[in-house]
Amino acid sequence: MRMWFVCRFCCPAAQSNSNPEWEAKVLEYFKGQLREKESHSWVPSLNDVPLHYLKPNSLVKFRCLVQDMFDPEFYMGVYETVDPSTKANVLRCGKYKDVTECGVDLNSRNTVTAERQTFYCVPIPGESPWAKEISFLSAARVVPSTSYVPSRQKRSYEEDDDDMDTQPQKQREPHTGGMGETPQIQPHGNGDSKRQETEAPSSQTTAPSDCSSHLDLNFPLPGERGPACLVKVYEGLDSFKLNDTLEIYGILSVNPVLTVLGEEKDPSLLLLNPTESMETPEEQRAHDPPASLVPRLHMLYARPLQHNNPLLPSAPTEDQSAFVSSFLVEMASVRAELLAYLTHVLLGDGLAAEYLLLHLISNVYTRRDVLPLGKFTLNLSGCPLNSYTERLYQIVQQLVPCSYRLSMSLHTMNSMRLVPKKDYVANRLVSGALQLARNTSLFLDETQLEQGQLDSSGVRNITALGNLISWQKVDYDFSYHQMEFPCNINVLVTSEGRSLLPSDCQVPLQPQVTPPNMEEYLTTIHMAQFTSQINKFRVYLSLARTLDYSISDEVTKAVEDDFVDMRKDDPQSVTAEDLHRMLVVARLLSLSLGQTTLSRDGWMRAKHIDMLRRSRTEQQKSLNGNEP
Amino acid sequence: MDRSKISTPTLRCFVETGPDHLCILPSEVDMSSPLMYGTPSSRVEGTPRSGVGGTPARQRPDLGSIRKAPQVDLHSEPPSADGAVASEQALGQKLVIWGTDVNVGTCKEKFQRFLQRFIDPTSNEDENAGLDLNEPLYMQKLEEISVVGEPVLNVNCSHVQSFDADLYRQLISYPQEVIPTFDMAVNELFFERFPDSILEHQIQVRPYNALKTRNMRSLNPEDIDQMITISGMVIRTSQLIPEMQEAFFQCQVCAFSTCVEVDRGRIAEPAVCRNCNTTHSLALIHNRSAFSDKQMIKVQESPDDMPAGQTPHTTIVYAHNDLVDKVQPGDRINITGIYRAVPMRENPRQSNVKSVYKTHIDVIHFRKTDEKRLHGLDEDSDQKLFTEERVQILKELASKPDVYDRLSSALAPSIYEHEDIKKGILLQLFGGTRKDFSQTGRGNFRAEVNILLCGDPGTSKSQLLQYVFNLVPRGQYTSGKGSSAVGLTAYVMKDPETKQLVLQTGALVLSDNGICCIDEFDKMSDSTRSVLHEVMEQQTLSIAKAGIICQLNARTSVLAAANPVESQWNPKKTTIENIQLPHTLLSRFDLIFLMLDPQDEAYDRRLAHHLVALYYQSEEQIEEEFLDMAVLKDYIAYARTYINPRLNEEASQALIEAYVDMRKIGSGRGMVSAYPRQLESLIRLAEAHAKVRFSDKVETIDVEEAKRLHREALKQSATDPRTGFVDISIITTGMSATARKRKEEVAQALKKMIQSKGKTPAMKYQQLFDDLRGQSEAAITKDMFEEALRALADEDYLTVTGKTVRLL
């Protein structure tokens, strides 16, 4: 089948003469083929297979985030070539290609100019190692016809490993491995997570350009790896948005000519034709990077991803609904297990575990004018110091498909670029750590923050974080103006006292156990879970957030009555803001149990845990008040 | 005639006619053919005489130097000498420029007719200021050219369209051919009229405002080689690029020289010297070659044109000759030009090439959209084009009797109740009428309404601010905590590349003609707040920094939100005491609202219902209930642009009465309850309300509503908690009249007490305090005591040093 794809694309022009509708038909054909069961898994993925194992001009897929959108470009949709020997004119098709055949007749009247746009795509930022792992394995199972066999995959990773080892690694920790990998995938999963952990801290402080020697691939998060890709989009340009996560099926183009064109410049040509010199070297580097590093992908078809959890069926088909309904039965039991697990992790604090669970399934499901609904930023205060938060993050990372830990040390806040900024010299959007895919878990570690002076960029960064939490938006810096991009990011703040950032809900952690060796304690808890168990949790968390939710008129009435009653007793104690929060808690609580409507019980439960939480915060306040 | 003229490739159809024809009919060729006109070699000086021939033509690289299209007969006969010459006579109607349907003669005639006859009595463009609108517009402009001597004629395409739709179509579709024809027509006309004028070069026509394209995003391959107008913002300009137009070659052997024109970006180097027949003896002499100026400009689409969630597009624009350096980065401009797509150069060493075209726009005309803003004229630069239907919808909405309530409820529907506050903000969005009294020395009157919201934390003040910020096109949002005086005003920065000093404007200047939303107003440092004094009354910002002294316009409305100093609003204290802001600043707010938690059951129930609905209502239901945000936006933009209400007689009377009433209230109790500032506020609010109704007259109902709203705001913010009366002096002097009276009483009592003690030159501070407390029937706090002491010290009655009080 693969070879056939290649064939078809070598000579599409043959059809182009007679039938102008062939383009639509080709697309239809591919979409039809890909819709067939499992067929999409035959297509090798750029995420998993190193570029040099992929055949040029073959069909590949790429799971990615649209990081930047370049200007639309005009290309020769149809052009005519003249054979120098026979003088025969042949019509050819320029679609899905970067380079024309030789001998183009530029004055031909048959030339058709068409429009396409280039997106700069990067792998989904902060994708957890386990998600990469599983998607790789599931793909590898069914790729019989690639020249790239999984057994060689290890080799390639090892090569990479060696490369990485030449970089200075500051904080190699003894305990990095062993967080929940089963023996069968341990060898290189281990290495991967190790890389993540060891690299992240060291490169956070430096510019991302250091990651890949001379060429800045513009990954949103420091220490990211993986191919960036220039995706040429032909259809439905308006349907794509910045920061969309897509699975793109397209034709890979790595023609070395693309690179040569950029570098080989005839100075005399430059003098006469400044058209070509209008691009600055920076711009050229950003827009025409060597194809060996940044391959081109001509999009046939793209599927927007609702989530990137490889354990869930990705397309909303009958497949999925069957999956959902079968899982709904288990939901309550999985929830109980997960709660128990989180309670252990949070040192025996059941309430905090409950809130953490609700936080993990929260999701901005809609917006009312400027107000995002459904967000649930959690501030976990009273966290023990000394690497507890780091461990906690690792556990969260094991559960969600996308996450990032931002250690809010003074230095990072002052030096790191959080907000993407338009670089007009290179004409591209320089990414920042807040350019994240939807439903990414952002773990803000405030315990790392020390006293000291924030400079102006630090203040800007803190403001950006505040805006993100309050309005779920990031104002990208376009230097002459700012542009607002809505986002949907789950923010978890861990802090000692109350966080300096706003949050929807603050839970002071009340440890029930004080293990003498925290690391050992957490590792033991973690090791005690089977992979199958962890996988269940992963499915659970991703699934719960996608469920629909409604509330009946009857319950609406009850909630209203309840609110009025509460205010009657003590108007100060319950405000509109509290009602906002309780409604969100009630929603999340119901969803976490797999219930898609709010019941009276659900409401009472939500009220109850919110009461518990509030009494705890009050208690904390009075405790602090008593301190000298 | 120079021979080289004949051999230019652009004149293919004349080549065959041979030099003889041309020599015989030089003037005809000169005058009639657009192909002739403006080609580089025609710059070669002709015989000096006045008129068209005497004034050198100037090349127009903006139209492209490649003009290889010959005229062809409609019957597509090969162009012959007869045909070409005859074209000027009998066959004139049949001949068109190759590849187009443009006939030079007709086109020229039409355009001349347009110039001579076009009258636009309704024109309100600033270019036409001072022209007689009932006379042919462009003839007046030609006259202007003859006086001023600037040989450029700007032609509004919409004028051409209304005059002759077909001509307009041709202009848009074939600008490269039609504009030279226009040039020729203008020059003939001009030199006929003003035969003695001397111009630097021939007049060039610069069309603008082509209606075809307005948005950069909508450019597509069909627009290539057509004339377009797009708007955008300049983000980068290049250095000047000298572009060779004509290469000068000299033979190294016999010193024979020849000129070669650029053809499609290339120079064909002559291999053989025509004089001495030596091969490869010709060398390029740079300083005798002709160059034209060129500049690359990058333009980014303006943020308003973009669909949400996408990044802005950029386009490359080339400016030529005198348009170079006309724009700076940051300028918002309208560009009219020809859209070009150039194939990537074929490299002879490579067999296959990238199949991508490079696109750019050759600019013909720039129009800065924010230029007027700098001159401080009116705001129609923001003019948004409304379609007929849209205007109809808006007018329909305006004619509804309850439009005011409708609009106010459409404002931030997610925020519950606070009807009056929303109404206040709505009036702020519309603003008053701008009045200019600079003739009489009073300067501009503030037309913007400023509003302060104070109240308990968590009463969705920030949300309201965010909403407003998102609603208005030129809105800015800052937080008092995070902004410095510099961030609000402007600062001077040195450009790292050019070493040029650049003025970077801050939030207040950026929101000129918009709304500046300032959250956490109370957290702002005093120095920052002080810059607001000027902005909020004079509507300007003065800057004196790094050698730059200037006054910028900051005609911005301020919408601020402040929290009480204590965590909760204390109803026993006045507004000033609660938020601890200087009264000088407070008095500059037209309306001060309190957003308090009302704490009653009916309210709670409605609030709960509203919130629950907010969470669980479906999109459709919401939309049914409320006005679309886009409609609201357009409504406001339309009213701000087109409606300028004036007071009518009744309304003036009503305002006077209202003001007199307000002053009366206080006079009974011996205090001033209204100041001229309040009257100004009332006028502004009334005007804004008239704008809401799309009415050109401020009527009594507007005044009534202004009064009501003003009173409502005062009731909330200026009620003296001790007496329960509304007391404007709380806002204007920071202290209520009763409080002042009380202060006086205490001071007098203290004085009396000291006097009764007889001649004691010095007293203990604490003892005096205790004595006073014992003597007075009302409780006296230490603050009051100290204030009394200070008052007496001011009277030079006593002085306080440390813990002792001395009499003087």
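Cut-off values and rules
Residues numbered from 1 in each chain as written. Chains lettered and ligands numbered in written order. Predicted model: local features only at pLDDT ≥ 70, side-chain atom pairs only at ≥ 80, totals over all residues. Heavy atoms only, no water. UniProt positions renumbered as here; feature names shortened; annotations may be inferred. Helix = DSSP H or I, 4+ residues; strand = E, 2+ residues; numbered from the N terminus. Buried < 20%, exposed > 50% of the residue type's maximum accessible area, 1.4 Å probe, protein only. Contact = heavy atoms within 4.5 Å. Areas by Shrake-Rupley, 256 points an atom, 1.4 Å probe, with all protein chains shown as cover. Pairing = 2+ DSSP bridges. Axes fitted to C-alpha atoms, helices over the stretch in contact; angles between N-to-C directions. Phe/Tyr/Trp six-rings, centres within 6.5 Å; stacked < 30°, edge-to-face > 60°. Lys NZ or Arg CZ within 6 Å of the ring centre and 35° of its normal. Core = buried A, V, L, I, M, F, W, Y, C linked by side-chain atoms within 4.5 Å. Left-handed = near helix turned anticlockwise from the far one by under 90°. Nonpolar A, V, L, I, M, F, W, Y, C, P; charged D, E, K, R; others polar.

For chain B, the name recorded in an unreviewed UniProt entry is DNA replication licensing factor MCM4, with Oncorhynchus kisutch as its organism. Its UniProt record gives chain B a comment under Sequence similarities (unreviewed entry), which states: "Belongs to the MCM family." Quoted verbatim from the Subcellular location (unreviewed entry) field of UniProt, the annotation for chain B is "Nucleus".

You'll find chain A entered in an unreviewed UniProt entry as Mini-chromosome maintenance complex-binding protein, with Oncorhynchus kisutch given as the organism. Recorded in UniProt under Sequence similarities (unreviewed entry), the annotation for chain A is "Belongs to the MCMBP family." Quoted verbatim from the Subcellular location (unreviewed entry) heading of the UniProt record, the comment on chain A is "Nucleus".

Looking only at helices and strands, chain B has 30 helices and 27 strands in total. When the 808 residues of chain B are sorted by exposure, 51% land in the buried category. Looking at chain B alone, contacts between residues at least 24 apart form 68% of all its contacts between residues at least 6 apart. Summed over its atoms, the accessible surface of chain B is roughly 36900 Å², and 51% of this surface lies on carbon and sulfur atoms.

Here we come to the overall build of chain A. The helix and strand inventory of chain A stands at 19 helices and 17 strands. A total of 628 residues make up chain A; the buried ones form 57% of that total. Long-range contacts, defined as pairs at least 24 residues apart, comprise 78% of the intrachain contacts of chain A with a sequence gap of at least 6. When the accessible surface of chain A is split by element, carbon and sulfur atoms take 53% of a total near 25900 Å².

Residue and element names in this part refer to chain B. Pairing in this open sheet of five strands is parallel, and the strands run 15-18-21-14-22 from one edge to the other. Of all the strands in the sheet, just strand 15 (476-479) and strand 22 (591-595) have a single pairing partner and so form its edges. Recorded for the sheet is a direction-independent mean angle of 15° between the axes of neighbouring strands. Two elements, strand 15 and strand 18 (residues 515-519), share four bridges in a ladder whose sense is parallel. Paired with Thr478 across the bridge in strand 18 is Ile518. Contacting strand 14 (451-455), strand 18, strand 21 (557-562) and strand 22, helix 14 (residues 419-430) runs over the sheet at an angle of about 145° to strand 22.

Below, the discussion takes up the packing of aromatic side chains. If you walk through the whole model with that rule in mind, you get 21 aromatic pairs over all chains. Aromatic pair Phe111(B) and Phe114(B): ring centres 5.7 Å apart, planes at 25°, arrangement stacked. One end of the pair, Phe111(B), and the other, Phe114(B), are both in helix 6 (residues 104-117), three residues apart, so they sit about a helical turn from each other. With a centroid separation of 5.2 Å and 50° between ring planes, the pair formed by Phe190(B) and Phe194(B) is classed as tilted. Put simply, the rings of Phe111(B), Phe114(B), Phe118(B), Tyr138(B), Phe163(B) and Phe182(B) touch in pairs and so form one group of aromatic residues. If you follow Arg587(A) out to its NZ or CZ, it ends over the ring of Tyr365(A), 3.8 Å from the centre. Sitting over the ring of Tyr318(B), Lys294(B) keeps its end group 4.3 Å from the ring centre.

Residue and element names in this part refer to chain B. For His280, which is not glycine, the phi torsion reads 50° and is therefore positive. Position of His280 among the secondary structure elements: in the loop between strand 6 (257-261) and strand 7 (282-284). Note on His280: relative accessible area 67%, which makes it exposed. Located in the positive-phi region is Asn321, a residue other than glycine, with phi close to 45°. Checked against the element boundaries, Asn321 lands in the loop between strand 9 (314-320) and strand 10 (332-343).

Next up on the list: the nonpolar core. Among the nonpolar cores identified, the biggest contains 78 residues, and Leu338(A), Tyr341(A), Leu346(A) and Tyr355(A) are the most heavily contacted of them. Apart from residues no more than four positions distant in its own chain, Tyr341(A) is found in contact with Ile395(A), Leu399(A), Ile525(A), His526(A), Gln529(A), Ile534(A) and Phe537(A). In this structure, Leu426(B), Tyr635(B), Ala686(B) and Ala713(B) belong to the second largest nonpolar core, which totals 59 residues.

The subject of this paragraph is the sheet that holds strand 10 (residues 403-407) of chain A. All names here are of chain A. Strands sit in the order 10-13-16-9-17 across an open sheet of five strands; the sheet is parallel. In the strand order of this sheet, the two ends are held by strand 10 and strand 17 (505-508), each with one partner. For this sheet, the mean angle separating the axes of adjacent strands, direction not counted, is 20°. By the bridge criterion, four bridges tie strand 9 (residues 378-381) to strand 17 in an arrangement that is parallel. Residue pairing across strands places Ser381 opposite Pro508, the latter belonging to strand 17.

Now for the packing of helix 6 of chain B against helix 9 (residues 165-173) of chain B. All names here are of chain B. Two numbers describe how helix 6 lies on helix 9: the axes approach to 11 Å, and their chain directions differ by 115°. Between helix 6 and helix 9 lies a crossing of left-handed hand. Touching Cys107, Lys110 and Phe111 of helix 6 are Asp166, Leu167 and Gln170, all from helix 9. Class assignment of the residues belonging to the contact of helix 6 with helix 9 gives a composition of three nonpolar, one polar and two charged.

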